[in-house]
Amino acid sequence: MNVLIVGGGGREHAIAWALAKSPKVDGLWCAPGNGGISAIAQCVPIAATDVEAMVKWAVDNQMDFVVVAPDDPLALGMVDAMEAAGVPAFGPTAAAAIVEASKSFSKTLMEKYHIPTAKYKTFTELDPALAYIEAQGAPIVVKADGLALGKGVVVAQSVEDAKEAARSMLAGGKFGKAGAKVVIEECMTGPEVTVLAFCDGEHLAAMPSSQDHKRAYDGNQGPNTGGMGAISPSPNYTPEIAARCMKEIFLPTVAALKAEGRPFHGVLYFGLMLTPDGPKVVEYNARFGDPECQAVLSLLDSDLMEIFLACRSGTLDQVEVRWKDAAACCLVLASGGYPGSYGKGYPITGLEEAGRTAVVFHAGTRLGEDGAVLTNGGRVLGVTAVGPDLDAAIDGAYAAAAHIHFQDMYLRTDIGRVWVPNP
Ligand code: AMP
Ligand code: GLY
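As the structure is a prediction and not an experimental result, all values here were calculated from the model. (Residues numbered from 1 in each chain as written. Chains lettered and ligands numbered in written order. Predicted model: local features only at pLDDT ≥ 70, side-chain atom pairs only at ≥ 80, totals over all residues. Heavy atoms only, no water.)

### Let's talk about the pattern of salt bridges
A side chain with one charge can pair with a side chain of the opposite charge if their charged atoms come near.
Okay, step 1: Scanning all chains against the criterion turns up 22 salt bridges.
Okay, step 2: Salt-bridge contacts for Lys163 lead to Glu134; the nearest nitrogen and oxygen are separated by 2.4 Å. One end of the pair, Lys163, is in helix 8 (residues 159–170); the other, Glu134, is in helix 7 (residues 126–136), and 29 residues separate them in sequence.
Okay, step 3: Overall, Lys163 belongs to the buried group, its relative accessible area being 13%.
Okay, step 4: Across the pair Asp301 and Lys324 runs a salt bridge, and its minimum N-O distance is 4.0 Å. (Salt bridge = Lys/Arg side-chain N within 4 Å of Asp/Glu carboxyl O. Helix = DSSP H or I, 4+ residues; strand = E, 2+ residues; numbered from the N terminus. Buried < 20%, exposed > 50% of the residue type's maximum accessible area, 1.4 Å probe, protein only.)

Given below as structure tokens:
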């Protein structure tokens, strides 16, 4: 089969790496891709959000299957558009991707189907929002309704900070349309765990749990980022908690979306908080998390293409999804300054040495004219190691990362080793 992957980060590199191993895959393309992806797939210079151009390219070039990995094209209906043009595609329709694209939609869904989550209220007017914050007190969480590059959530420690956040979204136009509606919710406490699950509209296969590290600096300090590293599985996610999540959260969510006429085909991301009252949903995403994807897919022992096909056709119950009895750690090597401003175009050395004991997924790289690998983004690389247990995986990832160098390179030194309760 000829397969096109839409996207160009570490997640898409990990998907390409896993699909390249499938005997079902003859040709692999990635749009827009990046410097590392170009070693295993042909990169096509089309922006991930350009639905029209992407569909035209897939049709013209006779793609047999398209994997839509990032949130924006999913919310824009790229899967719907591919299917309408006769190109089979992996990922939720826009109607199902709304679980990520609208927080108020997913909160209403959870309420209706009794899926545990933080108590909340939705507002489009400032004055009632301010009154609600005043009445509830702090800490309290203010969220923009729509997609805001992961920056639309304020966990406010004071009533004043919460009011300021609500004001900036509802009256100040921060996040534009995405912030014209806000969800204000109870602040939960406990460790956070991510569980990704393959879904085929009706059945679900949960992947090993994982844990992202969203803050920029050691000790979970500093600004939020897209993620500075991930481990899988999460030591906090015991078999008892897993069984409870399956019964109280995962199966009810898939059934709820089906009942609402929005069957979910693709990867459903459960952002969970293990609160003193049991596991609760912090958020849903409609796709693989990044960098969680790099750690989790490193543990897959089955054919990813076969799983993707089954997710689309509703036959996930007929494929075996096997996982290595091992652990994985993905360290993000970032450009100094990220998530603020940073330089680009610096040469990267040590990739070959690091690649001997780990898989180095590229997130923000490009090839220079002479074929040299250059930095080209905030998150540059995801150095991913697998080991018999978490300690071995973490040590392996740090040992491999020690070979790599580029100007202003920054990484956290405590991925998988810090358990600071939230908030
Ligand atoms: P979200 O984009 O909804 O995942 O929120 C980003 C981060 O904000 C989460 O990973 C949590 O650390 C934090 N957060 C979101 N909602 C809550 C909540 N209700 N209580 C405590 N922390 C939260
Ligand atoms: N790592 C978090 C996300 O992909 O949303």
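### Some thoughts on the sheet that holds strand 7 (residues 140–144)
Okay, step 1: The four strands are arranged 6-9-7-8 in an open sheet whose pairing can be described as antiparallel. In this open sheet, the two edge strands, each paired with only one partner strand, are strand 6 (120–123) and strand 8 (153–156). Strand-to-strand twist of the sheet, defined as the mean angle between neighbouring strand axes without regard to direction, takes the value 20°.
Okay, step 2: Bridging between strand 7 and strand 9 (residues 182–186) involves five bridges; their strand directions are antiparallel. The partner of Ala144 across the bridge, within strand 9, is Val182.
Okay, step 3: Set on the sheet, helix 7 makes contact with strand 6, strand 7 and strand 9; between it and strand 6 the angle comes to about 160°. (Pairing = 2+ DSSP bridges. Axes fitted to C-alpha atoms, helices over the stretch in contact; angles between N-to-C directions. Contact = heavy atoms within 4.5 Å.)

### Brief notes about the packing of helix 7 against helix 8
Okay, step 1: Close contact between helix 7 and helix 8 brings their axes to 10 Å; oriented N to C, the two are set at 165°. Put simply, helix 7 runs roughly antiparallel to helix 8. The handedness of the crossing between helix 7 and helix 8 is right-handed. Across from Leu126, Ala129, Leu130, Ile133 and Glu134 in helix 7, the residues of helix 8 making contact are Val159, Ala162, Lys163, Ala166, Arg167 and Leu170.
Okay, step 2: Residue classes in the contact of helix 7 with helix 8 are distributed as eight nonpolar, no polar and three charged. (Parallel < 35°, antiparallel > 145°, perpendicular 65-115°, else oblique. Left-handed = near helix turned anticlockwise from the far one by under 90°. Nonpolar A, V, L, I, M, F, W, Y, C, P; charged D, E, K, R; others polar.)

### Focus: the site of ligand 2
Okay, step 1: Asp212, Gly226, Tyr269, Asn285, Arg287, Gly289, Asp290 and Glu292 make up every residue found near ligand 2.
Okay, step 2: The backbone of Asp290 places a nitrogen or oxygen atom 2.9 Å from a nitrogen atom of ligand 2.
Okay, step 3: A distance of 2.8 Å separates a nitrogen atom of ligand 2 from a polar atom in the side chain of Glu292.
Okay, step 4: Protein contacts shield 87% of the accessible area of ligand 2, which totals 200 Å² for the unbound molecule. (Near = heavy atom within 4 Å. Polar contact = N/O pair within 3.5 Å; in protein donor to acceptor, adjacent residues only side chain to side chain. Areas by Shrake-Rupley, 256 points an atom, 1.4 Å probe, with all protein chains shown as cover.)

### Examining helix 13 (residues 390–401)
Helical geometry: 3.6 residues make up each α-helical turn, so side chains three or four residues apart lie on a common side.
Okay, step 1: Under the 1.5 Å per step criterion, the end-to-end length of helix 13 is 16 Å for twelve residues, consistent within 8% with the ideal 16 Å.
Okay, step 2: Restricting attention to buried positions, one finds in helix 13 the residues Leu390, Ala393, Ile394, Ala397, Ala400 and Ala401. Along helix 13, the residues classed as buried sweep out an arc of 135° about the axis, all on the same side.
Okay, step 3: Looking at the buried positions of helix 13, the neighbouring elements they touch are strand 15 (229–232), strand 18 (327–335), helix 12 (351–354), strand 22 (379–387) and strand 23 (409–410). (Expected span 1.5 Å × (residues − 1). Arc of directions from axis to C-beta.)

### Considering the packing of aromatic side chains
Within a pair of aromatic rings, the relevant descriptors are the distance that separates the centres and the angle that separates the planes.
Okay, step 1: Evaluated as defined, the whole model comprises ten aromatic pairs.
Okay, step 2: When the ring of Phe250 is compared with that of Phe270, the centres are 4.4 Å apart and the planes differ by 40°; the resulting orientation is tilted. Of this pair, Phe250 sits in helix 9 (residues 239–259) while Phe270 sits in strand 16 (residues 265–275); the two residues are 20 residues apart in sequence, bridging distant segments of the chain.
Okay, step 3: Between Tyr338 and Tyr342, the ring centres sit 6.4 Å apart and the planes meet at 65°, which makes this aromatic pair edge-to-face.
Okay, step 4: An aromatic cluster is defined as three or more aromatic residues linked by ring pairs; in this entry it consists of Phe198, Phe288 and Trp323.
Okay, step 5: A cation over an aromatic ring shows up here: Lys21 above the ring of Trp17, its NZ or CZ 3.7 Å from the ring centre. (Phe/Tyr/Trp six-rings, centres within 6.5 Å; stacked < 30°, edge-to-face > 60°. Lys NZ or Arg CZ within 6 Å of the ring centre and 35° of its normal.)

### Section: unusual backbone geometry
What you tend to see is this: most non-glycine residues have negative phi, and most peptide bonds are trans.
Okay, step 1: Here Asp290 and Pro291 are connected by a cis peptide whose omega angle stands at 20°.
Okay, step 2: The topology assignment puts Pro291 in the loop between strand 17 (278–285) and helix 10 (292–297).
Okay, step 3: Unlike most non-glycine residues, Asp408 shows phi in positive territory, near 65°.
Okay, step 4: Counting through the fold element by element, Asp408 comes out in the loop between helix 13 and strand 23.

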